[in-house]
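# A look at the structure
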Amino acid sequence: MATPTPQAASPCGLRERKKQRTRDALIRAALELFTEQGYETTTIDEIAEAVNVSQRTYFRYFANKEEVVFAVQEMVEARFLAELNERPAGEAPLTALRNAVMVAWDEIGSAIESVVPVELHMRSYRMIESTPALVAAHLRRSSDLEEQIARLIAGREGLDVDTDPRPRVVVAAFCGVMRVAGKVWGEGQDCSVASIRELTKSYLDHIGPAIDDDWRIR
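Described below are features of the structure shown in this document. What you see is a predicted model; the values in this text were computed from it and never measured.

About the cut-offs
- Residues numbered from 1 in each chain as written.
- Predicted model: local features only at pLDDT ≥ 70, side-chain atom pairs only at ≥ 80, totals over all residues.
- Heavy atoms only, no water.
- Helix = DSSP H or I, 4+ residues; strand = E, 2+ residues; numbered from the N terminus.
- Buried < 20%, exposed > 50% of the residue type's maximum accessible area, 1.4 Å probe, protein only.
- Contact = heavy atoms within 4.5 Å.
- Lys, Arg positive; Asp, Glu negative; His and termini not counted.
- Charge placed at Lys NZ, Arg CZ, Asp CG, Glu CD.

Moving on: the overall build of the protein chain. If you tally the helices and strands in the protein chain, you get 11 helices and zero strands. The secondary structure elements of the protein chain, listed N-terminal to C-terminal, are α-α-α-α-α-α-α-α-α-α-α. Within the protein chain, buried positions represent 40% of all 218 residues. Taking the intrachain contacts of the protein chain between residues at least 6 apart in sequence as the baseline, contacts between residues at least 24 apart amount to 66%. Across the protein chain, the centroid of the 27 positively charged side chains sits 4 Å from that of the 34 negatively charged ones.

So, in structure tokens, the structure goes:
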């Protein structure tokens, strides 16, 4: 079989880039519309029209409106899981979780901005928090992600997650702190990636002291 030449492979590469640009454009248009006029009132037809594509084209990329809402968040989560999977085996679970999220935030900012402005990502976060149907979806997705992380941590430690509660306990603490940090960031004025990274670092650094320290002023 002949080896494909760069010229032969080029059209495929062009098609993939075009598909990625269309997907990114649909995400951005959807989030703009959702944050401007509301999630429930925005239709798929409106999103497709904003990008100059058909409804059929929209459904090639997303099964429904909910999928497009969480597309950027899924990208962030995938980057975190990939980094967690690569953490050194000798790192303690909470240390591995903390280091993975810090490294992920170092690299994910430019990835987010290649799809949507961070400011739009922040507005979308607020929109999710104020939309009951999306709050429910967010909680469901968060629960699924926590289970995925817990099983990954259990695998790193050579534990059975179904008989040893520690992986789920440490992941519940970690994810709870991440949710609080995200909520505080979403309610603030600084929408930069640096801001959420530093806020996340600060909150994660307080897990140990919050559990172990005597809070009473002596």
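What follows continues from the structure just given.
Looking at the secondary structure, you find E16 in helix α1 (residues 6–37). Exposure remark for E16: the relative accessible area of 45% places this residue in the partly exposed category. The spacing of E16 and L26 is 10 residues in sequence and 15 Å in space, taken between C-alpha atoms.

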